[in-house]
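Descriptive structure summary
Residues per chain, in single letters:
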Amino acid sequence: MRDPGDELHDLEAGGLRRRLRQIDSPQGVHVRLTGSGECLNFSSNDYLGLANDGALKAIYQNHIGTYGVGSGSSRLVCGTMAAHVALEEKIASLKRTEAALTFTSGFAAATGALPSLCGKDDFLILDKLCHASLIDGARLSGATIRIYPHNDLNRLTSHLQWAAQRAAATSRLVVVTESVFSMDGDLAPLAEIVELKDQYGALLLVDEAHAFGVLGPEGRGLGAALGLESRIDLQMGTFSKAVGLSGGYLCGSRAMADLLINRARSFIYSTAPGPALAATVRDALDLVCGPRGDILREGLSANRETFSPGTPSAIIPVIIGENEAALSASARLQERGFLVPAIRFPTVPKGSARLRITLSAAHRPDDITSLKSALADIVKTDYDPLP
Ligand SMILES: Cc1ncc(COP(=O)(O)O)c(C=O)c1O
């Protein structure tokens, strides 16, 4: 039998061992790392700086008083409370869909959705850079899986042709992509993907985890920015990034939401998110998609421009290549007071270890220029992502 210690040793030797890093302060652009003191945080997905927002904290406390802290059971037993229904109505209305279903996390939404939609007679076609939750959901489904190189529409087309030729009359073809890719920060060609999936009679699931709250009118995502919401069969996302809290969602037709209620195992067999959390997320959506959200998005956009003009999202990868080099760049940045962890395989492909820089509306312009100058000193690479 393999010894866990040997396995950890192998991970260490390959520069792939992960360790938890403890933070002694609330989340924010300034965090206090146990043992290393205060750092400027460029690694969080709290894009609008809401994770420790005073107004949201007060709202949460208030909802705890109204709803209590626990939900008692899964949604289908006795855990569906008014707060969950109100949240689902809100996110469905923001996404312009008939219905929505919420989950404990985005990960649970993905692993619940794909096996609900697809089984062994169906076909799932995913972008190569799709998040682990989508890949795991695809694997759990038992469907035939095809992966296309990142954003490669020709290969997406040939996979659709291939699947359409083999599909039975009742088979489903489902295309899966992110809108903003989590480790590269680039955008999917959604307009073209929507055309293709329609041409082949496929369904489309778009994970807007890193776009919701950041892109589009009212921060409603890339689908909304491109006017494509009504053509995307399932809009997925999470409340754990720009919304500052936690929980996943899937928005689509009423029938689609009802199918998920009946089939999504991560929904059926898991205790409902706490009602005070659901109610706070509902109110956070008013904030994120309202005037204050617009101001925060303007700040975030200005920060994106300061870091790198024209950057399409709040995620900026600095590709280093080898694991050890990425770890060493991250350690040197930390010595200078910047928290930018190294991202390695299997989160990103082998040989593309990187620093993943994320910007927040709460960063000040000085924070960004000082990170840029530290990067210029520390990162010596032939790939130069900086202007
Ligand atoms: C693209 C993408 N999808 C889904 C998830 C999962 O969301 P959550 O953190 O809410 O589980 C993440 C976040 O880690 C993500 O980056």
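As a convention, each chain's residues are numbered from 1 in the sequence order in which they are written. For a predicted model such as this one, the threshold for reporting local features is a pLDDT of at least 70, and the threshold for listing and counting side-chain atom pairs is 80 or more; totals across whole chains, interfaces and linings nevertheless cover every residue. The side-chain numbers reported here are obtained from all heavy atoms of the structure, hydrogens and water having been left aside.

Looking at the overall build of the protein
Counted only if it meets this: Only runs of H or I of at least four residues qualify as helices and only runs of E of at least two qualify as strands under DSSP, and these elements are numbered from the N terminus. The reference for a compact globule is 2.2 Å times residues^0.38; the radius of gyration itself is calculated from the C-alpha atoms. Only protein chains enter the area calculation, which uses a 1.4 Å probe; residues under 20% of their type maximum are buried, those over 50% are exposed, and those in between are partly exposed. A contact between two residues is defined here by any heavy atoms of the two lying within 4.5 Å. Residue-level accessible areas treat just the shown protein chains as cover; the underlying method is Shrake-Rupley with a 1.4 Å probe. Charged residues are defined here as Lys and Arg on the positive side and Asp and Glu on the negative side; His and the ends of the chain fall outside this count. Charged side chains are reduced to one point each, which is NZ for Lys, CZ for Arg, CG for Asp and CD for Glu.
A count of helical and extended segments in the protein gives 15 helices and 13 strands. Here the C-alpha radius of gyration of the protein, 21 Å, is about what a compact globule of 387 residues would show, namely 21 Å. With the C-alpha coordinates aligned to their principal axes, the bounding extent of the protein is approximately 60 × 50 × 50 Å. Looking at the 387 residues of the protein, the share that counts as buried comes to 52%. Across the protein, contacts joining residues at least 24 apart in sequence account for 71% of those joining residues at least 6 apart. On the protein, roughly 16800 Å² of surface is accessible, and the fraction owed to carbon and sulfur atoms is 52%. Between the centroid of the 38 positive side chains of the protein and the centroid of its 42 negative side chains there is a distance of 3 Å.

As for the environment of glycine 15
Residue placement: glycine 15 occurs in the loop between α1 (4–13) and β1 (30–33). Residue classification places glycine 15 among the buried positions, given a relative accessible area of 3%. Beyond its immediate sequence surroundings of up to four residues, glycine 15 is in contact with Asn323, Glu324, Leu327 and Arg344.

Overview of the site of the ligand
For the record, the criterion: A cutoff of 4 Å decides nearness: a residue is near a molecule or strand if any of its heavy atoms lies inside that distance of it. Side-chain atoms alone can form a polar contact between residues adjacent in sequence; in general such a contact is a pair of N or O atoms within 3.5 Å, and within protein one must be able to donate a hydrogen while the other accepts it.
Looking at the ligand, there are 13 residues lining it, with Gly106, Asp207, His210, Thr238 and Lys241 nearest. Separating an oxygen atom of the ligand from a side-chain N or O atom of threonine 238 is a distance of 2.7 Å. In the complex, 84% of the free accessible area of the ligand, which totals 380 Å², lies under the protein chains.

A few points about the pattern of salt bridges
Here is the rule we go by: The salt bridge definition used is simple: a Lys or Arg side-chain nitrogen within 4 Å of an Asp or Glu carboxyl oxygen.
Within the structure shown, the criterion is met by 22 salt bridges. Among the ionic pairs, arginine 75 bridges to glutamate 88, the shortest N-O distance being 2.9 Å. Of this pair, arginine 75 sits in helix α3 (residues 75–79) while glutamate 88 sits in helix α4 (residues 82–95), and the two are 13 residues apart along the sequence. When its relative accessible area of 9% is taken as the criterion, glutamate 88 is described as buried.

Structural notes on the nonpolar core
Rule in force here: Residues enter a nonpolar core if they are buried and are Ala, Val, Leu, Ile, Met, Phe, Trp, Tyr or Cys, with the set joined through side-chain atoms within 4.5 Å.
In terms of nonpolar packing, the biggest core is built from 74 residues, with Phe42, Leu160, Val243, Leu285, Leu333, Ile357 and Leu371 touching the most fellow members. Excluding residues that lie within four positions of it along the chain, leucine 285 makes contacts with Leu87, Lys90, Ile91, Leu94, Phe212, Phe239, Val243 and Gly290. Ranked by size, the runner-up nonpolar core spans 26 residues in total, among them Leu101, Leu134, Ala143 and Leu205.

What to know about the pairing of strand β4 (residues 123–127)
Note the cut-off: For two strands to pair, DSSP has to find at least two bridges joining them.
Counted residue by residue, β4 has five buried out of five residues, so it is predominantly covered. Across the two faces of β4 the burial is the same, with Phe123, Ile125 and Asp127 and Leu124 and Leu126 all buried. Pairing of β4 with strand β5 (residues 144–148) involves five bridges; the strand directions are parallel. Within β5, the position partnered with leucine 124 by the bridge is isoleucine 145.

Observations regarding the sheet that holds β1
Spatially, three strands are ordered β1-β2-β11 in an open sheet, and the strand pairing comes out mixed. Two strands bound the open sheet, and with one partner strand each, they are β1 and β11 (338–339). Note: strand β2 (residues 37–41) against β11, two bridges, orientation parallel. By the bridge assignment, leucine 40 is partnered in β11 with phenylalanine 338.

Some words on helix α5 (residues 106–117)
Put simply, the test is: Given the number of residues in a helix, its expected span is that number minus one, multiplied by 1.5 Å.
When the terminal C-alpha atoms of α5 are compared, their 17 Å separation across 12 residues agrees well with the 16 Å that a helix rising 1.5 Å per residue should span. By the criterion of burial, α5 is predominantly enclosed, with 10 of the 12 residues buried. For α5, the N-terminal cap is serine 105; the gap from its side-chain oxygen to the backbone nitrogen of phenylalanine 107 is 3.3 Å.

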